[in-house]
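Examining the three-dimensional arrangement
Read off the chains here:
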Amino acid sequence: MTGKVASPKMPVSVEAAAQLGEGGLRRLVGKFGFSPLGLLVVLLALPFLLTMNDQYWIKTLTTAIMYGTLAMAFDLTSGYIGIVNFGFAAFMGLGAYVTGCLCWHLGWEPWQGLFPAIFAAAVLGLLLGLLTIRLGGIFAACMTWFVAMAMMSVTSNWVSMTRGATGLTIPLLFESAENFPYLLTMIVICLISYLFLSLLVRSKAGLAFQAIGQDQEAAAISGINANYYKILNFTISCAFAGFIGWFYAHYVGVLTPPVLHTRVTVEIMVISYIGGRGSLWGGLLAALIIIPSMEQVKSIQALSNLMELRLLLYGLLMILVMIYYPGGISELVKSILKKTGLGKWSAAS
Amino acid sequence: MDVLREIWDFMSTAILRGGMYSLMAVGLALVFGVMNIANFAHGEFYMLGAYFGYFILTATNKLGLPQFVPPILCILGAGLGVAVVAGVIERTSFRALRKRSKGQWLMNTFLLTLGISVILQNGARLVWGGKYRGVTRMWKGDALNSLLNFGLPPDRLVAFLIAVLCIGGFVLFLNKTSTGRAIRAVSQDEVGASLVGVNLGFIHTLVFSLSGLLAGIAGASLLSVTPASAFMGTMPLYKSWFVLILVGMGSIGGSIVGGLILGILEAFATTYLSQFLGSGSQDFICLAVIITILLIKPNGIFGKAVKSAVE
C-alpha cells in the first residue's frame, strides 16, 4: 500500500495539516517499525492491558500474545518467502527444553538459559535451512516435520535428560504467584519481536525476502542471492521460536513432549494465516481475537471437554480463509481503513 | 537354523510392512504427480478407511455370511466410501481454490490439506470418541492358521496380497485404459491434455478419489494390526511422505519400490538397532537416511527433477 492517495472525503484543511506533519511523524515512527495508526492502537491498548486485574483474563491475554508473537515469527517465513515451517512447535520446544534442561541439570537461573535457548533453535534452523531450502518449499516443510517428529520421540525416550512424559519441572521466571509480571514480560517480548521483525522486513534484506516471495526466478535474475536470504529468514524465524520457547518454559513451569507436537504448529499456523500473510501484525491481531474467543467456547459447560471442537473450528476457519479470503484479517483491516480514508496512516514509511 | 529363522523373520516383516507403505505412497505420489498437491490429509483417508471398515465388518459379521465375505465387503466398502469422501473434498475445496488461487499453488494446497486433516481428525474424534475400534482377526480359516507356523501373521499376509493386487490393478489401469492415459497426460502437461479433449475437472476428481480409495483399502485391511482411532493417520502419512522424498516426488513406480525399502529399513532398525538406540530407533534411522538422500541425491533415488522445485 502506498498510502499516498488522500481520500476525497477529507476536509481540505485537515488534509493540509496532515500532510505538513505527515512526513516527519511517519519517518520518526517508522524508525521503530510502526505505522502511525499501529502505534496509536498499541498506545491505546497498553494502559488497558496494564491496568487489568482479573487473573483469568491476564492469563488468557498472556497466552494470546504469546501465540500472536509465535504467529509473527512464523509469518516471517511463510508470508514473506513462502516456506512453511511445519515443525515450528519443535523449534519452540527446543528452546524451552534447552533452558529447562540447563536449569534442571546444572541449576542455572532462568535468564541464563535465554541465550542458549535462542542459539539452539537458531542453529537447528540454520542446519535445516542449509539442507532443505535450496530444494524448495515442500522439502523444507516435510523435513522440518520429520525433524519435529524425531525430536518429539527423543524427548519422550531420552528420559534421563528430559524426564520424558513425567514432565520437566522448571523454575518460574518470577517468584510471586501473580500472573501480571508474566503478562508484562510477554508484552515486552512481543514488542521487541515486532520491532525487530518489522525493521527487518523494511530493510534491504526484507526487500529481498519480498522479491523472493513474489518471484524467485526474477529475484535471482536481479542479483539477489535467494538461498542466502531464505536461509537467513528461516534462521531468524527459528531463533524467535526459541526465544518464545524460553518464555513458555519459565511461564508454564512444566514441560512435556506434547509441546513439540504438530498440533501446536497447526494452531500457530492457523492463527498466522487467518491473520494474513506477510503482515506480521495480522497474526497478533488474530491471536488476540481467536484465543480469547476459543477460551470462551471452552468455558461453556456443555462443550468444556471438546478440545476437538476447537481444533475443528480452527481447521474450518483456515480452509475458508485460504479459499475465499487469502488476505486474512490484515487485508480486511487494510481495506476498511482505505474506505474510511485512514489508509495512509496505516502504512509505515 | 536360528540364523535362517532370523533372516526369514526379518524379510517377512520387512516385505509385509513394505507392501502397505507402497499402497499408501502410491496414492500420495499420484496426487502429487497429477494435481501437484502435497496432500497432508492422506493419513486421514487411511483413518477413515479403518473406521468404515470396522463398521462394515461388525455389521456384516452379524448376518451369518460365509467366513470370507465380511472382510471382503469391509475392504471394498471402506475403499469406496473413502473414495467418495475424497471426491467430495476435491470438488468442494480444491476446485474452489483452483478457481481463485493465483500462484503458490503448491503451498496453498499444502495448507488446505492440513486444514482438511485437522477437520477430519477432530471430526472423527467428536463423532466416534476416543475409543480404539479394532478386531483381533479379520481372516479366519484353517489354511490361514497354518501360516502361523511359518511366523507369518495371516492378516498381514492377506493385507500384503491385497496391496499387491491393488497396485497391480492400478498400474494396469494407468497404462492400459484410456482414462489412465488421460491421467498420465494431465500429469505431463495440463494445458496440452485439455487441448486434446481431456476433461481436467473429471480427471482431478478421479485422481483424488483413487488415492483415497487406495488409502482407504490400506486402512481397512490393516484393521486387526492398527485399530481405528482418530489420530491414527499421522504415522502412515509420515511414512508415505518419507517414501516420496526417498524415491523422488510424484514417481509412482518409485514409490512402490520405496515402500519396500522403508519396510526393510524399519525391520532393520527394530531388529538390530533398538538395543542401542531404544524405541526411537526407527525415527532415528529414517531421519539419518533422508538427510543422506537430501545431501547426496536431493531428487530422490530414482529422481527426475521435481516438477515444482522452484516454489
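Residues numbered from 1 in each chain as written. Chains lettered and ligands numbered in written order. Predicted model: local features only at pLDDT ≥ 70, side-chain atom pairs only at ≥ 80, totals over all residues.

**Structural notes on the overall build of chain B**
Short version of the rule: Elements are defined by DSSP. Helices are runs of H or I of four residues or more, strands are runs of E of two residues or more, and each kind is numbered from the N terminus. For this measure, only C-alpha atoms enter the radius of gyration; the expected value for a globule follows 2.2 Å times N^0.38, where N is the number of residues. Working definition of burial: number of other C-beta atoms within 10 Å of the residue's own, with buried at 20 or more, exposed at 12 or fewer, and partly exposed in between, all C-beta atoms being placed from the backbone. Any two residues are considered in contact once their C-beta atoms, placed from the backbone, lie within 7 Å.
Within chain B one finds 12 helices and 0 strands. Its C-alpha atoms give chain B a radius of gyration of 20 Å, near enough to 19 Å, the size a compact globule of 311 residues would have. With 311 residues in all, chain B has 49% of them scored as buried. Put simply, 77% of the contacts in chain B that link residues at least 6 apart link residues at least 24 apart.

**Some details on the overall build of chain A**
Scanning chain A from terminus to terminus reveals 15 helices and 2 strands. Considering only contacts within chain A whose residues lie at least 6 apart along the sequence, 79% involve residues at least 24 apart.

**Focus: the interface of chain B and chain A**
Stated formally: Each residue is assigned to one of three groups, with Ala, Val, Leu, Ile, Met, Phe, Trp, Tyr, Cys and Pro labelled nonpolar, Asp, Glu, Lys and Arg labelled charged, and all others, Gly among them, labelled polar.
Every contact between the two is made by 39 residues of chain B and, on the other side, 32 residues of chain A. Going through the elements one at a time, helix 3 (69–100), helix 4 (105–128), helix 10 (234–247) and helix 12 (281–296) of chain B are the ones with two or more residues in the side of chain B that touches chain A. Among the elements that take part in the side of chain B that touches chain A, helix 4 of chain B stands out by supplying 15 residues, more than any other. Of the residues contributing to the side of chain B that touches chain A, the split by class is 26 nonpolar, 9 polar and 4 charged.

**A word on the packing of helix 8 (residues 180–202) of chain A against helix 9 (residues 204–214) of chain A**
Residues and elements named next belong to chain A. Keep this limit in mind: Where helices are involved, their axes are fitted lines through C-alpha atoms of the stretch in contact, as for all axes, and angles between N-to-C directions lie from 0 to 180°. Roughly parallel here means an angle under 35 degrees, roughly antiparallel means over 145, roughly perpendicular means 65 to 115, and every remaining angle is called oblique.
Contact geometry of helix 8 with helix 9 gives a least axis separation of 4 Å together with a crossing angle of 70°. When the interaxial angle is binned, helix 8 and helix 9 end up roughly perpendicular. Seen from helix 8, the contacting residues are L200, V201 and R202; seen from helix 9, they are A205, G206 and F209. A per-class count over the contact of helix 8 with helix 9 returns 4 nonpolar, 1 polar and 1 charged.

**Focus on the environment of N39(B)**
All names here are of chain B. By the secondary structure assignment, N39 is in the loop between helix 1 (2–35) and helix 2 (42–61). Residue N39 is classed as buried on the basis of its 30 C-beta neighbours within 10 Å. As a C-alpha pair, N39 and D2 span 37 residues in sequence and 43 Å in three-dimensional space.

**Notes on the packing of helix 14 (residues 307–324) of chain A against helix 3 of chain B**
Running from N to C, helix 14 of chain A and helix 3 of chain B cross one another at 35°; their axes reach a closest spacing of 8 Å. Facing I319(A), M322(A) and I323(A) of helix 14 of chain A, the residues of helix 3 of chain B in contact are S93(B), A96(B), L97(B) and R100(B).

**Some remarks on helix 9 (residues 200–221) of chain B**
The criterion, for reference: Under the convention used throughout, the expected extent of a helix is 1.5 Å for every residue step, that is, one less than its residue count.
For helix 9 of chain B, with 22 residues, the first-to-last C-alpha span of 32 Å sits near the 32 Å given by 1.5 Å per residue. Counting buried positions along helix 9 of chain B yields 18 of 22 residues, so the element is predominantly enclosed.

**Focus: the environment of S221(B)**
Residue and element names in this part refer to chain B. Tracing the backbone shows S221 in helix 9. Among the residues examined, S221 registers 31 C-beta atoms within 10 Å and is labelled buried. Sequence-wise, S221 and W139 are 82 residues apart; in three dimensions their C-alpha atoms are separated by 9.9 Å. Filtering out sequence-adjacent residues up to four positions away, S221 remains in contact with I75, A159 and I162.

**Describing the confidence of the model for chain B**
All names here are of chain B. Defined as follows: Residue-level confidence of the predictor is what pLDDT reports, using numbers from 0 through 100.
The predicted model of chain B averages 83 in pLDDT, with 91% of residues at 70 or higher. By mean pLDDT, the top-scoring element of chain B is helix 9 (91), and the lowest-scoring one is helix 5 (residues 142–145) (68). Prediction confidence for the complex, expressed as pTM and ipTM, is 0.84 and 0.81 respectively.

**Details of unusual backbone geometry**
Phi is positive for L280(A), which is not a glycine, with a value near 60°. The class for L280(A) is buried, based on 26 C-beta atoms found within 10 Å. Positioned with a positive phi, N36(B) is a non-glycine residue whose angle comes to about 60°.

**Here's the deal with the environment of I291(A)**
Mapping I291(A) onto the fold places it in helix 13 (residues 281–299). Excluding residues within four positions of it along the chain, I291(A) makes contact with T60(A), T63(A), A64(A) and Y67(A).

**Points about the confidence of the model for chain A**
For chain A, per-residue confidence averages 80 on the pLDDT scale, and residues scoring 70 or more make up 86% of the total. Of the regions scoring below 50 in pLDDT, residues 1–14 of chain A engages in 13 contacts with residues more than four places distant in sequence or in other chains.

**Focus on helix 9 of chain A**
Residue and element names in this part refer to chain A. What counts is decided by this rule: It is the directions from the helix axis to the C-beta atoms whose arc is reported.
Along helix 9, the residues that are buried comprise A208, F209, I212 and G213. Here the buried residues of helix 9 occupy an arc of 135° about the axis, which is enough to place them on one side. The elements touched by buried residues of helix 9 are helix 3 (55–80), helix 8, helix 10 (216–221) and helix 11 (226–252).

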